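# Observations on the three-dimensional arrangement
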Amino acid sequence: MKKGKKISDIIITIIMIIMAASFVYPILMVLFNSFKETTTISTESVFELPTKETFVGLENYIYALNAKGFFQSFIYSLFITVSSVAAICIFCSMCAWFITRVKGVMSSALYYLFVFSMVVPFQMVMYTLSNTADTLNFNTPWNIWIIYLGFGAGLAVFMFTGFMKGIPLEIEEAAMIDGCSPLQTFFKIVMPMLKPTLVSVAILEAMWVWNDFLLPTLVLDIKEYQTIPMLIQTSFKGGYGRVEMGAMMACIMLTVIPIVIVYLLGQKHIIKGVAAGAVKG
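Because the structure is predicted, anything quoted here is derived from the model rather than measured.

What counts, and where the lines are drawn
- Residues numbered from 1 in each chain as written.
- Predicted model: local features only at pLDDT ≥ 70, side-chain atom pairs only at ≥ 80, totals over all residues.
- Heavy atoms only, no water.
- Core = buried A, V, L, I, M, F, W, Y, C linked by side-chain atoms within 4.5 Å.
- Buried < 20%, exposed > 50% of the residue type's maximum accessible area, 1.4 Å probe, protein only.
- Helix = DSSP H or I, 4+ residues; strand = E, 2+ residues; numbered from the N terminus.
- Contact = heavy atoms within 4.5 Å.
- pLDDT = per-residue confidence, 0-100.
- Disulfide = S-S within 2.5 Å.
- 1 Å grid on protein atoms, 1.4 Å probe; cavity = no way out; pocket = protein on both sides within 12 Å on 5 of 7 lines; lining within 4 Å.
- Points joined across faces, edges and corners; volume = space filled by probe spheres on them.
- Nonpolar A, V, L, I, M, F, W, Y, C, P; charged D, E, K, R; others polar.

### Structural notes on the nonpolar core
In this structure, C92, F160, M164, V190, L194 and V201 are the most contacted members of the largest nonpolar core, which totals 29 residues. Among the secondary structure elements, those contributing two or more residues to this core are helix 4 (70-101), helix 5 (105-117), helix 7 (145-164), helix 9 (182-193) and helix 10 (195-211). Looking at this core, the element that brings in the most residues is helix 4, giving 9 residues. Among residues more than four places away in sequence, those in contact with M164 are S93, A96, W97, T100, R101, V190 and L194. Membership of the second largest hydrophobic core comes to 17 residues, among which are V46, A64, F70 and L231.

What follows is the structure, given as structure tokens:
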């Protein structure tokens, strides 16, 4: 029995290693090619390590940093990500608190509407979304967070609601007896207890917003505002279809680094928060 279990564990481990390698391999290819000369990336040497003939050092990274609008696009992406994640964490946690504590048909219907929004494909609403965003002037980096709040609310409310069902109601009642208002109870008592789920939601939503290409392309004016993914798509194309692949690969790596750092700093909270939000109650 133990021998059979040991063999199954080895097989599972091998499968997990293969899956991990399949995910890491494309990232390594981008990293290696970011140090190569552009002309060699489009040939068979794209799958090879940089050699003495193809290695160009940090030249591609310098080119990417000096690309027109890189730092401006970085600021746009940073502001959109921070504002969207902050809005999702604050408003969705408050909504989940209302759904959990106020029992009734309205709160139940509201919860199921949020859950239903998670299964609606973005492609179903993207054309009407573009027109609506233009009509309501949600087409700038300073207010696009409202749209991200709408699309990110489903997962966030689902996770917050699941975790909040495990918070004893007596703690909130004691705070109100001591004179706390509902807002004070939420921000001083409930929100600190939501830390694992808050971190999980923040990281998951930040990864989505930072890397999102389709929604900003549909909503923002491409000529006036460009996020980092939009910049990668448009700013490294030259005449006659030439693409500066080396600089593009370098820009991709520069884009990946911030979100990887955020993920590494909060990874220990992700599984804890997802599990708590999925099974409690």
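### A word on the confidence of the model for the protein chain
Residues of the protein chain with pLDDT of at least 70 account for 91%, and the chain-wide mean is 84. Confidence scores differ between elements of the protein chain, with helix 13 (residues 245-279) showing the lowest mean pLDDT of 74 and helix 4 the highest of 92. Long-range and interchain partners of residues 277-281, a stretch whose pLDDT sits below 50, account for 10 contacts in this model, where long-range means more than four residues apart.

### A look at the state of the cysteines
Scanning the model with the defined rule gives 0 disulfides in all. C92 provides the cysteine sulfur closest to C95, a residue in no disulfide bond, and the two sulfurs are 6.8 Å apart.

### Regarding the layout of surface pockets
In this model, the largest pocket occupies a volume close to 310 Å³. Lining of the largest pocket is provided by 14 residues; of these, S117, M118, V120, F151 and G152 occupy positions nearest its centre. Broken down by secondary-structure element, the contributors of at least two residues to the lining of the largest pocket are helix 7 and helix 10. Counting residues per element, the lining of the largest pocket draws most heavily on helix 7, which supplies 5 residues. Class assignment for the residues of the lining of the largest pocket results in 9 nonpolar, 4 polar and 1 charged.

### What about empty space enclosed by the protein?
Scanning all chains against the criterion turns up 1 cavity of 30 Å³ or more. Taken as a whole, the largest cavity holds about 40 Å³ of empty space. If you trace the largest cavity, you find it lined by S77, I80, T81, Y148, V209, W210, P216 and T227. Secondary-structure elements contributing two or more residues to the lining of the largest cavity are helix 4 and helix 10. Tallying contributions element by element places helix 4 first for the lining of the largest cavity, with 3 residues. Tallied by class, the residues present in the lining of the largest cavity amount to 5 nonpolar, 3 polar and no charged.

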